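Observations on chain architecture
Given next are the chains, with one letter for each unit.
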Amino acid sequence: MRGNALRLRMLTLCSVALFWSSVPLFGFQPPGFGPPPSGPLPPNQVQIVVKGGYRYIYSNGIPNHEAGQFPNQNNPNVIRPQRYQFRVAANPKMARNITPLSHSPFGVALNGVVFDPGTAEFWNRDRRSGWNYEALNGKINLGLDSSNAHVQPSGSYHYHGLPEGLISKLGKANEVTLIGVAADGFPIYSQYGYADAEDPKSEVRKMKSSYQLKRGSRPQGPGGSYDGTFTADYQYVAESGDLDECNGRFGVTPDYPEGTYHYYITAEFPSIPRNYRGTPDPSFQRRGPGPGGPGPPGRGSGPPGFGPPGGFGRGQ
């Protein structure tokens, strides 16, 4: 019975994603050959296949909602189709140790756009300084649109926070809403959850992060007070909010009535989680430079088709 329920949830996720695939996945243009700046974006393309204990996600990275104007004054890049190929565990398990997020996407939204909280901006342009600028703090302007997204030089449109356009498209702005999957396979939800993690009849409210600004002043580097300009301005304070250091918790959701570990995208730091509770799949590791550098994440620029030998079919 439990296996059937899990299979139904996986197929539901597949059907939601496939509904958005208005154009066949195969045959979209390779990275670097997107529309001109003034032209319309190509259609959103995403496909999810479950096979052999994994969920395979193929996408061109084009949002299924209206994006901001790119390039713009603070972001000079044009949105271009990508060839994302990701793999996550279909039945994820919590790991013994937490895995910190590197400068790679945390996960992927149901529409195939990646969640990528890191920035390429560092104090004094020194990546070794330890002082990495935050994208959503208002201290630097990275040209984000109303969905908290902007574009890398590779043309990759990506979310730094709540994907407002996607949430609006789903029509569940104030509900417990599944919006994606993390690299370790656990589901990602928008900012609303049940007040009691074990009671689906309890109040639905915004989840509160357990991260807080440090007190006092920075002892080195840029100096000044801890004000949220940099990632290092924050610290995790256990049980000060609803969520753990991975910005998630174990509990029930509409999609997992028996309960599962799941993540939240919150309005406040860290917004997109910076740690994994499970084991992230290597397919999310960025090849080459970090955020702002060339080359999308995934398993190369070839057409979809990686996975178990001999090919695979949907929903197996």
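Reference entry: report on the structure contained in this document. If you're wondering where the values come from, they're calculated on a predicted model, not measured in any experiment. (Residues numbered from 1 in each chain as written. Predicted model: local features only at pLDDT ≥ 70, side-chain atom pairs only at ≥ 80, totals over all residues. Heavy atoms only, no water.)

What follows covers the overall build of the protein chain. Of the regular secondary structure elements, the protein chain holds two helices and 17 strands. Going through the 316 residues of the protein chain one by one, you find that 51% of them count as buried. Of all intrachain contacts in the protein chain linking residues separated by at least 6 positions in sequence, the fraction that spans at least 24 positions is 64%. (Helix = DSSP H or I, 4+ residues; strand = E, 2+ residues; numbered from the N terminus. Buried < 20%, exposed > 50% of the residue type's maximum accessible area, 1.4 Å probe, protein only. Contact = heavy atoms within 4.5 Å.)

Summed over the entire model, instances satisfying the criterion amount to nine salt bridges. Between Asp242 and Arg205 there is a salt bridge, with its nearest N and O atoms 3.0 Å apart. Taken together, the residues Asp242 in the loop between β14 (234–236) and β15 (248–251) and Arg205 in strand β12 (residues 204–206) connect sequence positions 37 residues apart. In this structure, Arg218 and Asp227 form a salt bridge, with 2.8 Å as the shortest nitrogen-oxygen distance. Judged by its relative accessible area of 9%, Arg218 falls in the buried class. (Salt bridge = Lys/Arg side-chain N within 4 Å of Asp/Glu carboxyl O.)

Right, let's talk about the nonpolar core for a bit. Membership of the largest hydrophobic core comes to 37 residues, with the highest contact counts inside it found for Phe106, Phe115, Tyr157, Tyr159, Ile188 and Tyr263. Counting nine residues, the second-largest nonpolar core is a separate cluster that includes Met207, Val252, Tyr256 and Tyr264. (Core = buried A, V, L, I, M, F, W, Y, C linked by side-chain atoms within 4.5 Å.)

On to the side chain of Asn44, then. Within the secondary structure, Asn44 is located in the loop between α1 (2–19) and β1 (46–51). For Asn44, a relative accessible area of 6% gives the class buried. A distance of 2.6 Å separates the side chain of Asn44 from the backbone oxygen of Ile62, its partner in a polar contact. Among the polar contacts made by the side chain of Asn44, one reaches the main-chain carbonyl oxygen of Asn111 at a distance of 2.8 Å. (Polar contact = N/O pair within 3.5 Å; in protein donor to acceptor, adjacent residues only side chain to side chain.)

All right, on to the packing of aromatic side chains then. The tally for this structure, following the rule as stated, stands at 16 aromatic pairs. Here Tyr211 and Phe269 contribute two aromatic rings whose centre-to-centre distance is 5.5 Å and whose plane-to-plane angle is 80 degrees, an arrangement assigned as edge-to-face. Separated by 58 residues along the polypeptide, Tyr211 in strand β13 (residues 211–213) and Phe269 in the loop between β16 (260–264) and β17 (275–276) bring together distant segments of the chain. Each of the two residues, Tyr211 as well as Phe269, counts as buried. What links up through ring pairs into an aromatic cluster is the set Phe106, Phe186, Tyr261, Tyr263 and Tyr276. (Phe/Tyr/Trp six-rings, centres within 6.5 Å; stacked < 30°, edge-to-face > 60°.)

A separate point is the sheet that holds strand β3 (residues 84–89). Strand pairing in a sheet relies on backbone hydrogen bonds, with the paired strands running either antiparallel or parallel. Spatial strand order, β1-β2-β3: three strands in an open sheet with antiparallel pairing. The strands lining the two open edges of the sheet, one partner per strand, are β1 and β3. For this sheet, the mean angle separating the axes of adjacent strands, direction not counted, is 20 degrees. With six bridges connecting them, strand β2 (residues 54–59) and β3 associate as antiparallel partners. Opposite Tyr56, over in β3, you have Arg87 as the bridge partner. (Pairing = 2+ DSSP bridges. Axes fitted to C-alpha atoms, helices over the stretch in contact; angles between N-to-C directions.)

Bear in mind that shape data such as this cannot, by itself, settle questions of function.
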